[in-house]
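# Summary of structural features
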Amino acid sequence: MTFQIRQNAILSRTAEIGQNLTEAQLIGKEVMDYQLVLQFKGKTILDFDALVTLEQNLQRVVEPIAEVDGHDIGSGEINIFVFTADPVATFERAKMLLSDASLLDKVGSAYRDLQSDKYTVIWPESSAEVFTIA
């Protein structure tokens, strides 16, 4: 009997946490005012399957403060687009994944306010390059 009461309390608390997380994610989506771009030049990612796997893993890492929006491939570069409320914190989360995949030294990253076309480079940290999307 005691076990059943405790189990019900745990299930109730888990549902409550889940509900709060969902509400937080919805609120966060309303304020995702930035686009973060991860850019790979040349043939960094060898195939489409590796790109899709990277995107899926990235989505797991950046939730709930960001949402992977997709990618484009062309003109010698691959771009992964991420909507976010906090581009710097989102990239910090992505750095671990990129490092584990041996891609951190092959990526450039910048963000922009969704109301602007001007990108602010955040990786590599000392980069003086102007960030563009071909």
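Quick note: structure is the one above.
Residues numbered from 1 in each chain as written. Predicted model: local features only at pLDDT ≥ 70, side-chain atom pairs only at ≥ 80, totals over all residues. Heavy atoms only, no water.

### Some points on unusual backbone geometry
Of note, the bond from Glu63 into Pro64 is cis; its omega dihedral lies within 30 degrees of zero at 0 degrees. Relative to the assigned elements, Pro64 resides in the loop between helix H2 (48–62) and strand E2 (66–74). For the bond from Trp123 to Pro124, the omega torsion is -5 degrees, close enough to zero to count as cis. Residue Ser75 is not a glycine yet carries a positive backbone phi of 55 degrees. Within the secondary structure, Ser75 sits in the loop between E2 and strand E3 (77–84). (Helix = DSSP H or I, 4+ residues; strand = E, 2+ residues; numbered from the N terminus.)

### Details of the pairing of E2
Sheet analysis places E2 next to E3, joined by 8 bridges and oriented antiparallel. Following the sheet pairing, Ala66 is matched in E3 by Thr84. Adjacent in sequence and paired antiparallel, E2 and E3 are bridged by 2 residues, among which Ser75 carries a positive phi angle near 55 degrees. (Pairing = 2+ DSSP bridges.)

### So, the nonpolar core
Ranked by size, the top nonpolar core spans 22 residues in total, and within it Phe40, Leu58, Ile80, Phe91 and Leu98 carry the most contacts. Listed by contribution, the elements that provide at least two residues to this core are strand E1 (34–41), H2, E2, E3, helix H3 (87–100), strand E4 (107–113) and strand E5 (120–123). Here Ile80 is in contact with Leu36, Val37, Leu38, Phe40, Leu51, Leu54, Glu55, Leu58, Val68, Gly70 and His71, once residues within four sequence places are set aside. One finds Phe81, Ala110, Tyr119 and Phe131 within the second-largest nonpolar core, a separate group that totals 5 residues. (Core = buried A, V, L, I, M, F, W, Y, C linked by side-chain atoms within 4.5 Å. Buried < 20%, exposed > 50% of the residue type's maximum accessible area, 1.4 Å probe, protein only. Contact = heavy atoms within 4.5 Å.)

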